[in-house]
Amino acid sequence: MKTRVISIQNPVRQAEEVKEAAAVLRSGRLLGIPTETVYGLGANGLDTAAVRRIFEAKGRPQDNPLILHIPDASWLDRYCRSIPPEAAALAERFWPGPLTMILRRRENVPNAVTCGLDTVGVRCPDHPVTLAIIRASGVPVAAPSGNLSGRPSPTCARHMLEDMDGRIEAIVDGGPCGVGVESTILDLTASVPRLLRPGGLPLESLEAVLGEVAVDRAVTAPLSAGEKPKAPGMKYRHYAPKAPVTVVSGGCLRSARYIRKNLGPQIGVICFDEYRDLFSGCVVRSIGPASDQAEQARRVFDVLRAFDESGVTAIYAQCPSGTGLGLAVANRLKKAAGFQVVELGE
Ligand code: TXA
Ligand code: MG
């Protein structure tokens, strides 16, 4: 199968392209979709056979459930029950946007989507073309990130094609993703809402609406053997380049000095813009200015992906603090490192 690229750069042709993409979904085949966070690997979320194809194409473990993408909050009630008032408040405030809510599911959501759980993750992505495609298809779209399992999530159509060319029917090229890390996942089925994955919507924004939010341990620490995270996907090594990664956390200057001491041939460095010059002679990739967390989020996956062509044998990474979008960026770096972290003070 040759994967077709449906380009939507031309606004005049857009209606036709939306129809073409919706037809792919309705026929039970797989479609790459742009979202504001990362590209997704979409299928008709009510069609068990189509959803199974997602797992095959990605090489995804069978116990890792998928998120349903819907075009607006009025669809929540179709697939979820016992919806708490907080869900409506959050949807009103943050949708379309990078927030996935875990809610009790209705019977019409296939087991293939939820992997047998009695909950389902639902989100409304902030991308006009994808919203139009979902509406035109008339079904919720089940979509994990569009990478092969274990690889960094794709933030542009080219990166998704690197992983999925020949495995899926088509990909909609909607340009680069504006956020760059996946959605924030919030479990609203517990008595206190629980953050399962930090993402494009900062924890502080959720706290401003909800008050207390519990943070799952899997967000910041490795799981002990046999421990089950609430979001099954959090237990897998992820986002990992081929070379082992060590995250160095603490003040920027201290982490930069630490990494400098460990330099050698074929060492890769992920750093903030301001520290680039300290590492001349190495394979250096900057994730953006130390103070610009939005830029760090946009770049982190591309930087991890780029190291695979560079032949480095080990990678050291400076790490943002855990506030704002920094919590999500730090989580992705630590997961890429298999939680191999050197903690330095400020
Ligand atoms: O931004 C995003 O969320 C992207 C775009 C494409 O929307 N999607 C995405 O999907 O990141 P994926 O499959 O790569 O990550 C979904 C995470 C996994 O860790 C999965 O275990 C968790 O969500 N998840 C899905 N359904 C769940 C449920 N019912 N309960 C707990 N965790 C769930
Ligand atoms: Mg993923």
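Each residue is numbered by its place in its chain's sequence as written, counting from 1. Chains carry letters from A onward and ligands carry numbers from 1 onward, assigned in written order. The predicted nature of this model means local features are confined to residues of pLDDT at least 70 and side-chain atom pairs, given and counted, to a pLDDT of 80 or more, with totals for whole chains, interfaces and linings taken over all residues. Excluded from the side-chain calculation are hydrogens and water; included are all heavy atoms of the structure.

Trainee: Give a description of the site of ligand 1 that names residues and reports values.
Mentor: Taken together, the neighbourhood of ligand 1 is formed by 27 residues, with T37, N64, H69, S183 and G233 sitting nearest. Under this definition, polar contacts are N or O atom pairs within 3.5 Å; protein pairs additionally need one hydrogen-donor-capable and one acceptor-capable atom, and for neighbouring residues in sequence, both atoms have to be side-chain atoms. Residue S183 places a side-chain N or O atom 2.5 Å away from an oxygen atom belonging to ligand 1. We get accessible surface area from the Shrake-Rupley algorithm with a probe of 1.4 Å; when it comes to residues, only the shown protein chains can shield them. Within the complex, 97% of the 690 Å² of free accessible area of ligand 1 lies under protein. Given that more than half its atoms are within 2 Å of the pocket grid, ligand 1 belongs to the largest pocket. We count a stretch as a helix when DSSP gives it H or I for four or more residues in a row; a strand needs E for two or more, and each element gets its number in order from the N terminus. Only β4 (67-69), β7 (119-123) and β11 (194-197) provide two or more residues apiece to the shell around ligand 1. Broken down by element, the residue count for the shell around ligand 1 peaks at 4 residues, all from β7. Amino acids outside the nonpolar list (Ala, Val, Leu, Ile, Met, Phe, Trp, Tyr, Cys, Pro) and the charged list (Asp, Glu, Lys, Arg) are all regarded as polar, and Gly is one of them. Looking at side-chain class alone, the shell around ligand 1 contains 13 nonpolar, 9 polar and 5 charged residues. Residues are counted as near a molecule or strand when any one of their heavy atoms sits within 4 Å of it. Note on definitions: the grid is 1 Å and covers protein atoms alone; a cavity is a set of points where a 1.4 Å probe fits but cannot get out; a pocket is an open set with protein on both sides within 12 Å along at least five of seven lines; lining residues have an atom within 4 Å of a point. More than half of a molecule's atoms lying within 2 Å of a cavity's or pocket's grid points is what places that molecule inside it.

Trainee: Explain the packing of helix α10 (residues 293-306) against helix α11 (residues 326-336) to me, and be specific about the residues and the numbers.
Mentor: Running from N to C, α10 and α11 point in directions that differ by 20°, and their axes come no closer than 9 Å. As summarised for this structure, α10 and α11 are arranged roughly parallel, according to the angle between their axes. The hand of the α10/α11 crossing is left-handed. Across the interface between the two elements, Q293, Q296, A297, V300, F301 and L304 from α10 touch G326, V329, R332, L333 and A336 from α11. Tallied by class, residues from the contact of α10 with α11 come to 7 nonpolar, 3 polar and 1 charged. Helix axes use the C-alpha atoms of the stretch in contact, all axes being lines fitted to C-alpha atoms, and the angles between their N-to-C directions lie in the range 0 to 180 degrees. Note on terminology: angles under 35 degrees are roughly parallel, angles over 145 are roughly antiparallel, angles of 65 to 115 are roughly perpendicular, and the others are oblique. What makes a crossing left-handed is the near helix being turned counterclockwise from the far one by less than a right angle; a clockwise turn instead makes it right-handed. Two residues qualify as a contact provided that any one of their heavy atoms is within 4.5 Å of a heavy atom in the partner residue.

Trainee: How would you sum up the domain arrangement of the protein? Please name residues and give values.
Mentor: Residue ranges assigned to each domain were obtained from an automatic or database domain assignment. For the protein, the assigned domains are domain 1 (4-219) and domain 2 (245-345). Each of domain 1 and domain 2 has a C-alpha centre, and these two points are 28 Å apart. Counting residues at the interface gives 27 residues for domain 1 and 17 residues for domain 2. The term buried area means the drop in 1.4 Å probe accessible area that two parts suffer when joined, counted for both and summed. Of the roughly 1600 Å² buried between domain 1 and domain 2, counting both surfaces, carbon and sulfur atoms make up 54%. Within this document, salt bridges are pairs made up of a side-chain nitrogen of Lys or Arg and a carboxyl oxygen of Asp or Glu, the two lying within 4 Å of each other. Of the charged contacts in the structure, one is a salt bridge between D308 and R151, with a shortest N-O distance of 3.0 Å. On inspection of domain 1 and its partner domain 2, the count reaches 12 residue pairs in polar contact (both at pLDDT 80 or more). Those elements that provide at least two residues to the side of domain 1 that touches domain 2 are α7 (157-164), β11 and α8 (203-210). Broken down by element, the side of domain 1 that touches domain 2 gets its largest block of residues, 3 residues, from α7. In the side of domain 1 that touches domain 2, the residues fall into 12 nonpolar, 9 polar and 6 charged.

Trainee: Hey, could you go over the nonpolar core for me, with residue numbers and the actual values?
Mentor: To form a nonpolar core, buried Ala, Val, Leu, Ile, Met, Phe, Trp, Tyr and Cys residues must be joined to one another through side-chain atoms within 4.5 Å. Relative accessibility thresholds used throughout: buried, under 20% of the residue-type maximum; exposed, over 50%; partly exposed, between the two (1.4 Å probe, protein chains only). Ranked by internal contacts, the top residues of the largest apolar core, which has 63 residues, are L31, L90, W95, L99, M101 and L206. With 5 residues, the single largest contributor to this core is helix α2 (residues 48-58). Once residues within four sequence positions are removed from consideration, L31 is found in contact with I6, A21, V24, L25, G40, L41, G42, I133, A170, I171 and V172. The next biggest cluster of nonpolar side chains, apart from the first, holds 38 residues, and it includes A256, V300, F301 and V312.

Trainee: Give me unusual backbone geometry: which residues, what numbers.
Mentor: Of note, the amide linkage connecting W95 to P96 takes the cis form, showing an omega dihedral of -10°. For Q266, which is not glycine, the phi dihedral falls at a positive 60°. For Q266, the position within the fold is in the loop between α9 (252-261) and β14 (267-271). The backbone of F339 sits at a positive phi, close to 60°, despite the residue not being glycine.

Trainee: Give me the lowdown on the packing of helix α4 (residues 85-94) against α8, citing residues and values where you can.
Mentor: Relative orientation and spacing of two packed helices are given, respectively, by the angle between their axes and the distance between those axes. Between α4 and α8, the least distance of the axes is 10 Å, while the angle of their chain directions is 125°. As the angle between them shows, α4 and α8 are arranged oblique. Read as a crossing pair, α4 and α8 show a hand that is right-handed. Contacts from E86, A89, L90, R93 and F94 of α4 reach α8 at S205, L206, V209 and L210. Considering only residue class, the contact of α4 with α8 consists of 6 nonpolar, 1 polar and 2 charged.

Trainee: Account for α4, with residues named and values stated.
Mentor: Turning to α4, its buried residues number three or more, namely A87, L90, A91 and F94. The arc that holds the buried residues of α4, viewed along the axis, is 100°, so those residues lie on one side. Opposite the buried face of α4, by more than 90 degrees, sit the exposed residues P85, E92 and R93. In this fold, the buried residues of α4 make contact with β6 (99-105), β10 (184-187) and α8. By definition, the arc is the one covered by directions from the helix axis to the C-beta atoms.

Trainee: Give me the lowdown on the pairing of β10, citing residues and values where you can.
Mentor: Burial of the side chains of β10 extends over both faces: T184 and L186 are buried on one face and I185 and D187 on the other. DSSP calls a pair of strands paired once it identifies at least 2 bridges connecting them. Pairing of β6 with β10, which is carried by 4 bridges, proceeds in the parallel orientation. Residue pairing in the sheet places I102 in a bridge with D187 of β10. Bridge count between β10 and β11: 3 bridges; the pairing is antiparallel. Bridged to D187 within β11 is R194. In textbook terms, the turn of a hairpin is the stretch between consecutive antiparallel strands, and for β10 and β11 this stretch comprises 6 residues.

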